[in-house]
Amino acid sequence: MIRGSPLHEVLTRSAAARPGHPAVEEADGSAISYADLAVLSDRVRDRLLVLGVCRGDRVGVWVRKSIDSVAAIFGVLKSGAAYVPVDPSAPAARNASIFADCDVRVVLVEERFEAALRAELEPVVPVMVVLRGSGGGCGLRTALDAFDVAAIAPRGNTVRTSDDDLAYILYTSGSTGKPKGVMLTHENATSFLDWCTETFAPRSEDRFSAHAPFHFDLSILDLFLPVVHGATIVLIGEELGRDPSSLARLIARSQLSIWYSAPSILRLMVQSGALAEHDHRRLRIVLFAGEVFPIVHLRALKRFWPHPVYFNLYGPTETNVCTFYRVPDAIPEERLDPYPIGKVCSHLHDLVIDELGQPVEGNGEGELCIGGPGVMRGYWNDAALTEARFITAGFARWYRTGDLVARDECGDYVYRGRRDRMVKKRGYRVELGEIESCLSRHPEAREVAVVALPDDEVGLLVKAHIGTEAGKRLSVVRLKQFCAQSLPAYMIPDHFHFHALLPKTSTGKTDYQALAKLG
Amino acid sequence: MHDETSIAAEVKEFILQEFLPEEDPSELESATPLITAGILDSIATLKLVAFVEKRFGIAVEAHEASVEHLNTIADIARLVRAKLGNPA
């Protein structure tokens, strides 16, 4: 049990128990031991304390996935602050708006992003710790050394935090066009990690993939569960993470034993990763989450990898994983439906409500609500939204997931869809409203509607319908570049359609159903 | 012999045909960002790599199939040209 202790204490414990064991490895083979990771993160803590970081502050991290960023994250936690990781490939305007929104005290940033970030943040620029580059911990060490030339940071103490202190804020797509900050506490993480330990029984010789980017909630398992068990994190960078044949090679070469990702990259590996050519027998657990895994692709994957145990994990960032389902060893040929999302995790409670907020009887369909120590504190700086997403029932506070579910004959939850306009693309949450809000700023767009349609090849296609003067076609190249100024690449629509007028319902609203039928 | 200009022209033609069927060709310039602007997603990038490998008889290494080497038509032409070796 680690619940009740600060999240970063897992590193202190493993550094004492297994000092020489590799804690983190990068794909190029560079590695850091538990003892060295503890020392490097202590140095980050000491520097942050000198820079004025106090318990309860936020510290931004805009550093590519690397030993450097892992050490930075632990250093931030030890300083008593919450870390705010951003997508390294997102536009500076988006990342700057996140840092400004949660009022970061310090930002750890790579040099190549610094100027653009500074320009976007002017005139209120927080202190920046600039890393020349990242990889192997070198960029971070050099940056800390440079500060030490002027004045050595005195050795400080890890700041005492409580269970309710924020550990990190993860920003997700917001329907109004502004990303929203999900506030998660030490206890949110530690209660989840205790559940992982109970369910997956990791071992110290395990080697975990860290495929998800750090601003994505899957990274909490990737980053902290191995450290709880003194196991090894194998970091998979953004570029490598998208390349199925290199990934298949890496899984074999790095002897990964536990894999966790969205289903889309697993599907790509089945299709073009030449899985048959590699020895992946060390893989013993495969976890997937973030979107539906179509059964035909899961079946194909299990043909290449028959030996591991598979789990379908479900949960929004606001709760992290809240239900789970163990996939049977053999998938019947006649099965066409995706597997259920399963039953609630042991550290949480579940409730299904109808449109009036009343509990649904029996196995009827309704909105899944989750309570317990894994549930976020709320949205940063947005009390109204926080209030709207929680209900109180039977003395408990419940987070409304917005996901519609029903129970099957075994009592497992089956995912039925969304209440609102959020979709998952390659595992990322995408609010279609955020894309609309971006496109509606385009000078030639008179009206905008964005729809998402299922697609056999890529899972989901996002299509933008734009009303222009006389339905004039605009350049797709220019439109995509326009979107790229404020949206990450996965949110840029795949297709654009142009109309003189968008179809309307009888009440004069955009008729999304008619647009979806256009295909 | 392929020079960068002729390679760029073929790559441009391929991208227009495959991924931008109704686009005005003049909008796609040699410096237009492809991956960071979402014109090429990961599947499209794999298709493009397969095309240049076959068309020019070269092998693109996994680490080269990245934003750094493939983000513009000019980058792609430069990579292909370098792989073909220097003309005598």
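Residues numbered from 1 in each chain as written. Chains lettered and ligands numbered in written order. Predicted model: local features only at pLDDT ≥ 70, side-chain atom pairs only at ≥ 80, totals over all residues.

### Thoughts on the overall build of chain A
Here's step 1: Summing up its helical and strand segments, chain A has 16 helices and 26 strands in all.
Here's step 2: For chain A, the C-alpha radius of gyration of 23 Å lies close to 24 Å, the compact-globule estimate for 519 residues.
Here's step 3: In terms of principal-axis extent, the alpha carbons of chain A reach across some 70 × 55 × 55 Å.
Here's step 4: Taken across its 519 residues, chain A has 50% of its residues classed as buried.
Here's step 5: Taking all contacts inside chain A whose residues are at least 6 apart in sequence as the whole, residues at least 24 apart take part in 67%. (Helix = DSSP H or I, 4+ residues; strand = E, 2+ residues; numbered from the N terminus. Rg over C-alpha atoms; globule rule 2.2 N^0.38 Å. Buried ≥ 20, exposed ≤ 12 C-beta atoms within 10 Å, placed from the backbone. Contact = placed C-beta atoms within 7 Å.)

### Focus: the overall build of chain B
Here's step 1: Along its length, chain B carries four helices and zero strands.
Here's step 2: Written out in order from the N terminus, the α and β elements of chain B read α-α-α-α.
Here's step 3: Buried positions account for 32% of the 88 residues belonging to chain B.
Here's step 4: Intrachain contacts of chain B at a sequence separation of at least 6 include 66% that bridge at least 24 residues.

### Some remarks on the packing of helix α10 (residues 244-253) of chain A against helix α11 (residues 263-272) of chain A
All names here are of chain A.
Here's step 1: Taken N-terminus to C-terminus, the directions of α10 and α11 make an angle of 95°; their axes are 8 Å apart at the nearest point. When the axis of α10 is compared with that of α11, the two are roughly perpendicular. Residues Pro 244, Ser 245, Leu 247 and Ala 248 of α10 form the contact with α11, whose own contacting residues are Leu 268, Met 269 and Ser 272.
Here's step 2: Residues belonging to the contact of α10 with α11 are distributed by class as follows: five nonpolar, two polar and no charged. (Axes fitted to C-alpha atoms, helices over the stretch in contact; angles between N-to-C directions. Parallel < 35°, antiparallel > 145°, perpendicular 65-115°, else oblique. Nonpolar A, V, L, I, M, F, W, Y, C, P; charged D, E, K, R; others polar.)

### Focus: the interface of chain B and chain A
Here's step 1: Across the boundary between the two partners, chain B contributes 19 residues, which contact 18 residues of chain A.
Here's step 2: Looking at which element gives the most residues to the side of chain B that touches chain A, the answer is helix α2 (residues 42-56) of chain B, with three residues.
Here's step 3: The class makeup of the residues in the side of chain B that touches chain A is ten nonpolar, five polar and four charged.

### Thoughts on the nonpolar core
Here's step 1: In terms of nonpolar packing, the biggest core is built from 130 residues, with Leu 37, Val 59, Val 84, Ile 169 and Phe 224 of chain A touching the most fellow members.
Here's step 2: When residues are assigned to domains, this core turns out to be shared by domain 1 (9-241) and domain 2 (343-418) of chain A, each giving three or more.
Here's step 3: The residues touching Leu 37 of chain A, leaving out its near neighbours within four places in the chain, are Leu 11, Ala 15, Ala 23, Val 24, Ile 32, Ala 71 and Phe 74 of chain A.
Here's step 4: Within the second largest apolar cluster, 47 residues are counted, among which are Val 451, Val 462 and Ala 484 of chain A together with Ile 39 of chain B. (Core = buried A, V, L, I, M, F, W, Y, C linked by C-beta atoms within 7 Å. Domains from an automatic or database assignment.)

### A few points about unusual backbone geometry
Residue and element names in this part refer to chain A.
Here's step 1: Here the residue pair Glu 122 and Pro 123 is connected by a cis peptide bond, since its omega of 0° sits within 30 degrees of zero.
Here's step 2: On the secondary structure map, Pro 123 appears in the loop between α5 (111-121) and β6 (127-131).
Here's step 3: We note that Ala 274 has phi near 50°; this positive angle belongs to a residue other than glycine.
Here's step 4: Note that Ala 274 resides in the loop between α11 and β12 (285-289).
Here's step 5: One non-glycine residue, Asn 381, adopts positive backbone phi at about 60°.

### Some thoughts on α10 of chain A
An α-helical turn contains 3.6 residues, so a residue and the one three or four places further along point in the same direction.
Here's step 1: By the burial criterion, the buried members of α10 of chain A are Pro 244, Ser 246, Leu 247, Ala 248 and Ile 251 of chain A.
Here's step 2: Gln 255 of chain A occupies a position one or two residues after α10 of chain A and carries a positive phi of about 55°.

### Brief notes about the domain arrangement of chain A
Bring the parts together and some accessible area is lost; that lost area is often taken as the interface size.
All names here are of chain A.
Here's step 1: Once the domains are mapped, chain A shows domain 1 (9-241), domain 2 (343-418) and domain 3 (424-518).
Here's step 2: At the interface, twelve residues of domain 1 touch 13 residues of domain 3.
Here's step 3: Taken together, the residues of the side of domain 1 that touches domain 3 sort by class into three nonpolar, seven polar and two charged.

### Focus on the environment of His 8 of chain A
All names here are of chain A.
Here's step 1: In this structure, His 8 sits in the segment before α1 (9-17).
Here's step 2: For the pair formed by His 8 and Thr 158, sequence separation is 150 residues and the distance between their alpha carbons is 9.4 Å.
Here's step 3: Excluding residues that lie within four positions of it along the chain, His 8 makes contacts with Phe 74, Leu 77 and Lys 78.

### Quick notes on helix α3 (residues 67-78) of chain A
Residue and element names in this part refer to chain A.
Here's step 1: With twelve residues, α3 extends 17 Å from end C-alpha to end C-alpha; this agrees with the ideal 16 Å at 1.5 Å per step.
Here's step 2: Of all twelve residues in α3, twelve are buried, a share of seventy percent or more.
Here's step 3: Listed as buried for α3 are Ile 67, Asp 68, Ser 69, Val 70, Ala 71, Ala 72, Ile 73, Phe 74, Gly 75, Val 76, Leu 77 and Lys 78.
Here's step 4: The positive-phi residue at the C-terminal boundary of α3 is Gly 80, with phi of around 90°. (Expected span 1.5 Å × (residues − 1).)

### Re the environment of Ser 6 of chain B
Here's step 1: Tracing the chain through its elements places Ser 6 of chain B in helix α1 (residues 4-19).
Here's step 2: The spatial distance from the C-alpha of Ser 6 of chain B to the C-alpha of Ala 77 of chain B is 8.5 Å, given a sequence separation of 71 residues.

### Examining the sheet that holds strand β25 (residues 459-467) of chain A
Residues and elements named next belong to chain A.
Here's step 1: The three strands lie next to each other as β24-β25-β26, forming an open sheet whose pairing is mixed. One side of each edge strand has no neighbouring strand; the edge strands of this open sheet are β24 (447-455) and β26 (495-499). In this sheet, adjacent strand axes meet at a mean angle of 25° when their direction is disregarded.
Here's step 2: Where β25 lies against β26, five bridges are found, and the strand directions are parallel. Residue pairing across strands places Ile 466 opposite Phe 498, the latter belonging to β26. (Pairing = 2+ DSSP bridges.)

### Notes on the confidence of the model for chain B
Residue and element names in this part refer to chain B.
Here's step 1: When pLDDT is averaged along chain B, the result is 90, and 97% of the positions lie at 70 or above.
Here's step 2: Summarising per-element confidence for chain B, the mean pLDDT is lowest in helix α3 (residues 67-70) (88) and highest in α1 (95).
Here's step 3: On the interface metric, ipTM, the complex scores 0.87, and its pTM is 0.83. (pLDDT = per-residue confidence, 0-100.)

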